[in-house]
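Below, each chain spelled out in residue letters.
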Amino acid sequence: MSLDRVKQVVSHLTPGANKGRAALLRNTPDDVVITMAVRSPMCKAKKGGFKDTKSDELLYEMFKQAVARSTIDPALIDDITVGTVLTAGAPYQARYAALAAGIPDTVPVQTINRWCSSGLMAVNEISNKIRAGQIEIGLAIGFESMTDSPDRGGPEQSDVVKANQLACDAAMPMGWTSENVAADFDISRDDMDAFAAMSYQRAEKADKEGVFASEIVPFTAYVKDATGQRTTKIVTKDDGIRYGTTKENLLKIRPAFPQWGRGQTTGGNASQITDGAAAVLLMTRRRAEQLGLKILAKHVTTTVVGVAPRIMGIGPSIAIPKVLEATGLTKDDVDVFEINEAFASMYVYCVKKLGLDIDKVNVNGGAIALGHPLGCTGARQIATGLNALARRNGKILVTSMCVGTGIGAAAVFVAE
């Protein structure tokens, strides 16, 4: 047994040895590291850059770009997990797209669905397999074409199930949960629109400064003309960022759900319905060094929690403290937080409840400005967060999101 391995075993047996910022900054050959984290442009569903691109074409392009950007022989990939939520026949589409993109038939594929955290769950699933020694190299993809697969909610509940109030709450529209958070925790429309405007303004600044170019890979998309003929084009930029947005502009927008709560959620302070994809390549540090690959970060751990479905948006406020406790970190140890802006109500609540420094949260904007392709977001946040971390010379990234039906998730990453 090597000296490094002996030290690692001893550290596992020493209480608290692997917790805290200093401990997490130490490297070991068995670390699960990220050597690639990239994303597509985020494009508005039904009217943006991918509106004429089918879901399997979007996924095919993500696989193709992942293979090209990974700089490794795709035959070295031991397993692939694709996170997606609404895609019909998702396992079929994932396997078809992987094969079409040039990934050998010897590389298996599976799909995973935990609603808005599906992209993160794909990363976590690959990471756990590497940590357990089942595989050495794995590819995690998160994607969603909300143009091709719109969200129509869950199936109708049977009488025995809907007799339970929690089950009924879990089936309610997400807008209802946003209004519940605003009403239950006294979140004002003014604060919601202020946070939403900040998201747009930060994204606009980042876009103008070329910040996102470091994480976006150009995507080949299709364009359909009036005759139905399709040609291709290259999409390189997010198209949901609304330049010049202010709180005053947003306050003029009518409520989207006036029938519920205070009617404070609008099309301007909720996440956009979007098409997009992201890819993360993971492996052991040992393998990355053998292959001569640049290491971007390591994945430390992921936490999931359950919350009341009627206020599902508070999920990050429970998941983040849990993941910080698991790693021995404090909120002050974290350099960048990426919290999915499903709705401004939950975003305001979580930031204030946790007492976070807003200058560390969604520093280049979030889902209100960029969009929220359901299965993509968890992987997209990693690409966006690591990019922001590098520009700030930071070390610790925490990503988090609320999840439909009443779940929260959070993860910790450490940059090289």
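Further up the page is the structure itself.
The paragraphs below set out a description of the structure included in this document.

Conventions adopted
- Residues numbered from 1 in each chain as written.
- Predicted model: local features only at pLDDT ≥ 70, side-chain atom pairs only at ≥ 80, totals over all residues.
- Heavy atoms only, no water.
- Buried < 20%, exposed > 50% of the residue type's maximum accessible area, 1.4 Å probe, protein only.
- Helix = DSSP H or I, 4+ residues; strand = E, 2+ residues; numbered from the N terminus.
- Pairing = 2+ DSSP bridges.
- Expected span 1.5 Å × (residues − 1).
- Salt bridge = Lys/Arg side-chain N within 4 Å of Asp/Glu carboxyl O.
- 1 Å grid on protein atoms, 1.4 Å probe; cavity = no way out; pocket = protein on both sides within 12 Å on 5 of 7 lines; lining within 4 Å.
- Points joined across faces, edges and corners; volume = space filled by probe spheres on them.
- Nonpolar A, V, L, I, M, F, W, Y, C, P; charged D, E, K, R; others polar.
- Axes fitted to C-alpha atoms, helices over the stretch in contact; angles between N-to-C directions.
- Parallel < 35°, antiparallel > 145°, perpendicular 65-115°, else oblique.
- Left-handed = near helix turned anticlockwise from the far one by under 90°.
- Contact = heavy atoms within 4.5 Å.
- Phe/Tyr/Trp six-rings, centres within 6.5 Å; stacked < 30°, edge-to-face > 60°.
- Lys NZ or Arg CZ within 6 Å of the ring centre and 35° of its normal.

**Thoughts on the pairing of strand β11 (residues 396-403)**
Then, in step 1: For β11, a buried count of eight out of eight residues is recorded, marking the element as mostly surrounded by other parts of the structure.
Then, in step 2: As defined by bridge partners, strand β10 (residues 336-339) adjoins β11 across four bridges and the pair is classed as parallel. Paired with I339 across the two strands is S400, which belongs to β11.
Then, in step 3: Where β11 meets strand β12 (residues 407-415), eight bridges bridge the pair, whose relative direction is antiparallel. Counterpart to S400 in the pairing with β12 is A410.
Then, in step 4: In textbook terms, the turn of a hairpin is the stretch between consecutive antiparallel strands, and for β11 and β12 this stretch comprises three residues, one of which, T405, has a positive phi near 80 degrees.

**Observations concerning helix α15 (residues 377-391)**
Then, in step 1: The terminal C-alpha atoms of α15, which comprises 15 residues, lie 21 Å apart, in line with the 21 Å expected from a rise of 1.5 Å per residue.
Then, in step 2: Among the 15 residues in α15, 13 count as buried, and that is most of the element.
Then, in step 3: Just beyond α15, the residue with positive phi is N393, at close to 55 degrees.

**Brief notes about the pattern of salt bridges**
A pair can form between side chains of opposite charge whenever their charged atoms are brought close.
Then, in step 1: According to the stated counting rule, one finds 24 salt bridges in the structure shown.
Then, in step 2: Across the pair D186 and R262 runs a salt bridge whose closest N-O atoms are separated by 2.9 Å. Taken together, the residues span a long stretch of sequence, with D186 in the loop between α8 (174-184) and α9 (189-208) and R262 in the loop between α10 (247-251) and β8 (274-284) at a distance of 76 residues.
Then, in step 3: Given a relative accessible area of 40%, R262 falls into the partly exposed group.
Then, in step 4: K237 is the partner of D207 in a salt bridge, and the nearest nitrogen-oxygen pair spans 3.6 Å. One end of the pair, D207, is in helix α9; the other, K237, is in the loop between β7 (230-235) and α10, and 30 residues separate them in sequence.

**Focus on empty space enclosed by the protein**
Then, in step 1: Throughout the structure, instances matching the rule amount to one cavity of 30 Å³ or more.
Then, in step 2: Taken as a whole, the largest cavity holds about 30 Å³ of empty space.
Then, in step 3: For the largest cavity, the full set of lining residues is M36, A66, V67, S70, I77, L139 and L281.
Then, in step 4: If you tally residues by element for the lining of the largest cavity, the top one is helix α3 (residues 55-70), at three residues.
Then, in step 5: The residue inventory of the lining of the largest cavity, partitioned by class, reads six nonpolar, one polar and no charged.

**Describing the packing of α3 against helix α4 (residues 90-100)**
Then, in step 1: Remark: α3 packs on α4, axes separated minimally by 8 Å, with the N-to-C direction vectors making an angle of 45 degrees. In terms of orientation, α3 lies oblique with respect to α4. Remark: the crossing between α3 and α4 carries right-handed chirality. Residues S55, D56, L59, Y60 and F63 of α3 pack against Q93, A94, A97, A98 and A100 of α4.
Then, in step 2: Broken down by class, the residue content of the contact of α3 with α4 amounts to seven nonpolar, two polar and one charged.

**Some points on the packing of aromatic side chains**
Then, in step 1: Per the counting criterion, the structure on display carries five aromatic pairs.
Then, in step 2: Ring centres of F50 and F219 lie 5.8 Å apart, and the angle between their planes is 55 degrees; on these two criteria the pair is classed as tilted. Taken together, the residues F50 in the loop between β2 (43-44) and α3 and F219 in strand β6 (residues 219-224) connect sequence positions 169 residues apart.
Then, in step 3: Note on F219: relative accessible area 0%, which makes it buried.
Then, in step 4: With 5.3 Å between their ring centres and 80 degrees between their planes, F195 and Y347 make a pair best called edge-to-face. With F195 in helix α9 and Y347 in helix α13 (residues 344-354), this pair connects stretches of sequence that are 152 residues apart. You'll find F195 and Y347 in the same group, each marked buried.
Then, in step 5: Directly above the ring of F212 sits R39, whose terminal nitrogen or CZ lies 5.2 Å from the centroid.
Then, in step 6: The ring of Y222 has R230 lying over it, and the distance from NZ or CZ to the ring centre is 4.1 Å.

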